[in-house]
Amino acid sequence: RLGEPDGGVWSRLAQRDRTVLALVAEHQVLTTWQLLALVFPSAARAQRRLRELTELGMLFRTQPYRAQGGSTPFHYLLGYRGAQLLAAQRGASSPRPAVHADKIVRTLESPTLRHLLGVNRFFADLASYGRGLGDDRIGLPEGEGLVSWHSETWIRKYYRPLIRPDGYGLWTQHGTSLGFFLEYDTGTEPLDRVADKLDDYTGRHRDIARQLTGMVLFWVATHRREQGLRKALWAKHCPVPIATASRDYGHPDGPAGEIWSVLATEAECHRRVRLADLPQVIGGTQPDGTPTVLPRLPE
């Protein structure tokens, strides 16, 4: 009932609803499947509740046109009523309706929308594996899997705009945590330009590497492109631990699978390992997921 005061509406929302609003607000646009992977126990439950939240104005949804035919999944953005509620919870002023509507249009028409959806898909795939969704999988124990995910905007605020990765995640499995910064490659940029992203992690602010809470993962479009990128990355001599993988491996466990290769001279580091095994290959991590190799930077 939209006539209620904000506090009344918020108190009636289930914790799952609040999580959905927070996720869509931070990550801008998420598809039905991505929200299912992150939050809901079943597709039917996700479709029904997302439709209800849309009807209440909490979410805005659209189904983008696909030139080659066929239907695309619903894309969900924060609705105006949802933006009002979240602003009230932060003690901030509500956005003006026209400003919020313009933000929705700019997000959907942005040339980087495909990139954004690809980044969100990466983290949703990890969440799906951790929760054991699909193909009769058994999920990881409670407290393991993707325990933290933050957007580029959040990271830039936290690190005082010195680094600009596409996302940050904290993966926990077998009692070991790994923090990582994701660099998502669409396959359209020159490899040297992709490798130049490492300059943000060192460059003029070399001490920033000591403050990072994760290694850098490059999620590359194809295996052939990954091999070329590894050469360009190696030429950077970056002190931060780096691993690469390509999306065309098609591992059933997605980015959690045995597809990652650490960038290093040692032959042992060239083998493919699971995401959960990266801490062992790079020398271990601290309890918060920070790679222990980071403090040992060359002078």
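As a reminder, the structure under discussion sits directly above these lines.
None of these values were measured; they are calculated from a predicted model.

K.L.:
Lay out the environment of E142 with the relevant residues and their values.
P.N.:
Within the secondary structure layout, E142 lies in the loop between α7 (113-131) and β4 (145-151). The class of E142 is exposed, set by a relative accessible area of 84%. For E142 and G130, which are 12 residues apart along the polypeptide, the C-alpha to C-alpha distance reads 9.3 Å.

K.L.:
Lay out the side chain of T244 with the relevant residues and their values.
P.N.:
In this structure, T244 sits in strand β8 (residues 242-246). A relative accessible area of 0% places T244 in the buried class. At 2.8 Å, the side chain of T244 forms a polar contact with the side chain of R230.

K.L.:
Please set out the sheet that holds strand β9 (residues 261-262) residue by residue, giving values where relevant.
P.N.:
Strands belonging to one sheet form pairs held by backbone hydrogen bonds; the direction of such a pair is parallel or antiparallel. Pairing is mixed across the open sheet formed by 6 strands, whose spatial order is β4-β5-β6-β7-β8-β9. The open sheet has two free edges, formed respectively by β4 and β9, since each of these has just one partner strand. Sheet topology note: the β4/strand β5 (residues 167-173) ladder contains 6 bridges and is antiparallel. What sits directly across from W149, in β5, is G169. Of the strands in this sheet, β7 (215-220), β8 and β9 are in contact with helix α10 (residues 223-234), which crosses β8 at around 160°.

K.L.:
Could you give an account of helix α4 (residues 43-55), with specific residues and numbers?
P.N.:
Taking 1.5 Å per residue, 13 residues should reach 18 Å; α4 reaches 18 Å between its end C-alpha atoms and fits that length. Count one or two residues on from α4 and you reach G57, which has phi positive near 85°.

K.L.:
Give me the side chain of T107: which residues, what numbers.
P.N.:
Inspection of the secondary structure puts T107 in helix α6 (residues 97-109). Among the polar contacts listed, one links the side chain of T107 to the backbone oxygen of K103, at a separation of 2.9 Å. When residues no more than four places from it in sequence are discounted, the contact partners of T107 are Q28, V29, L77 and L113.

K.L.:
Can you tell me about the pattern of salt bridges, naming the residues and giving the values?
P.N.:
Tallying each qualifying case throughout the model produces 13 salt bridges. For R225, the salt bridge goes to D185, with nearest N and O atoms at 2.7 Å. Within this pair, whereas R225 is found in helix α10, its partner D185 is found in the loop between β6 (176-184) and α9 (191-195), the two being separated by 40 residues in sequence. Between R272 and E226 there is a salt bridge; the shortest N-O distance is 2.9 Å. Of the two residues, R272 sits in the loop between β9 and α11 (278-282) while E226 sits in helix α10, which places them 46 residues apart along the sequence. Assessed through its relative accessible area of 0%, E226 is described here as buried. Sharing partners across several salt bridges, the network here consists of D17, R49 and E52.

K.L.:
Just give me the short version of the packing of helix α2 (residues 15-27) against α4, but keep the residues and values in it.
P.N.:
Following both chains from N to C, one finds α2 and α4 inclined at 75°, their axes separated by 12 Å at the closest point. Between α2 and α4, the angle is such that the two are roughly perpendicular. Residues R16, D17 and V20 of α2 lie in contact with α4, whose contacting residues are R45, R49, L50 and L53. Tallied by class, the residues present in the contact of α2 with α4 amount to 3 nonpolar, no polar and 4 charged.

K.L.:
For a positive patch on the surface, give the residues involved together with the corresponding values.
P.N.:
Taken together, the side chains of R16, R45, R48, R51 and R131 define a basic patch exposed on the protein surface. For the positive patch, the element with the most residues is α4, which contributes 3 residues. Secondary-structure assignment places R48 in helix α4. For R48, a relative accessible area of 38% puts it in the partly exposed group.

K.L.:
With reference to specific residues and values, describe the sheet that holds strand β2 (residues 59-62).
P.N.:
The strand order across the open sheet formed by 3 strands is β1-β3-β2, and the pairing between neighbours is antiparallel. On the outer flanks of this sheet lie β1 (30-31) and β2, each paired with one strand and no other. Running at roughly 90° to strand β3 (residues 75-78), α2 makes contact with β1, β2 and β3 of the sheet.

Calculation notes
- Residue positions are given per chain, counted from 1 along the sequence in the order it is written.
- Only residues with pLDDT of at least 70 are given local features in this predicted model, and only at 80 or more are side-chain atom pairs given and counted; all residues enter the totals for whole chains, interfaces and linings.
- The basis for every side-chain value is the complete set of non-hydrogen atoms in the structure, without hydrogens or water.
- Secondary structure is summarised from DSSP: a helix means a run of H or I of at least four residues, a strand means a run of E of at least two, and numbering begins at the N terminus for each.
- Three exposure classes are used, based on accessible area relative to the maximum for each residue type with a 1.4 Å probe and protein chains only: buried under 20%, partly exposed in between, and exposed over 50%.
- Think of a polar contact as two N or O atoms within 3.5 Å of one another; within protein, one of them needs to be a possible hydrogen donor and the other a possible acceptor, and neighboring residues in sequence only count if both atoms come from side chains.
- Paired strands, as defined in this entry, are two strands with at least two bridges between them according to DSSP.
- Any two residues whose heavy atoms approach within 4.5 Å are treated as being in contact.
- Angular values range over 0 to 180 degrees, each being the angle between N-to-C directions of two axes fitted as lines to C-alpha atoms, with helices fitted over their stretch in contact.
- Each residue after the first adds 1.5 Å to the expected span of a helix.
- Salt bridges, as used here, are contacts in which a Lys or Arg side-chain nitrogen is within 4 Å of a carboxyl oxygen on Asp or Glu.
- Convention used here: angles under 35 degrees read as roughly parallel, angles over 145 as roughly antiparallel, angles from 65 to 115 as roughly perpendicular, and any remaining angle as oblique.
- Residue polarity follows a fixed list, in which Ala, Val, Leu, Ile, Met, Phe, Trp, Tyr, Cys and Pro are nonpolar, Asp, Glu, Lys and Arg are charged, and the others, Gly among them, are polar.
- For patch building, the residue pool is restricted to those with more than 30% relative accessible area and no salt bridge; the joining distance is 9 Å between like charges and 5 Å between nonpolar side chains (Val, Leu, Ile, Met, Phe, Trp, Tyr).
- Using a 1.4 Å probe, accessible areas were evaluated by the Shrake-Rupley method; residue-level cover was limited to the displayed protein chains.
- Within this scheme the basic residues Lys and Arg register as positive and the acidic residues Asp and Glu register as negative, but His and the chain ends are omitted.
- Here the site of a charge means NZ on Lys, CZ on Arg, CG on Asp, or CD on Glu.

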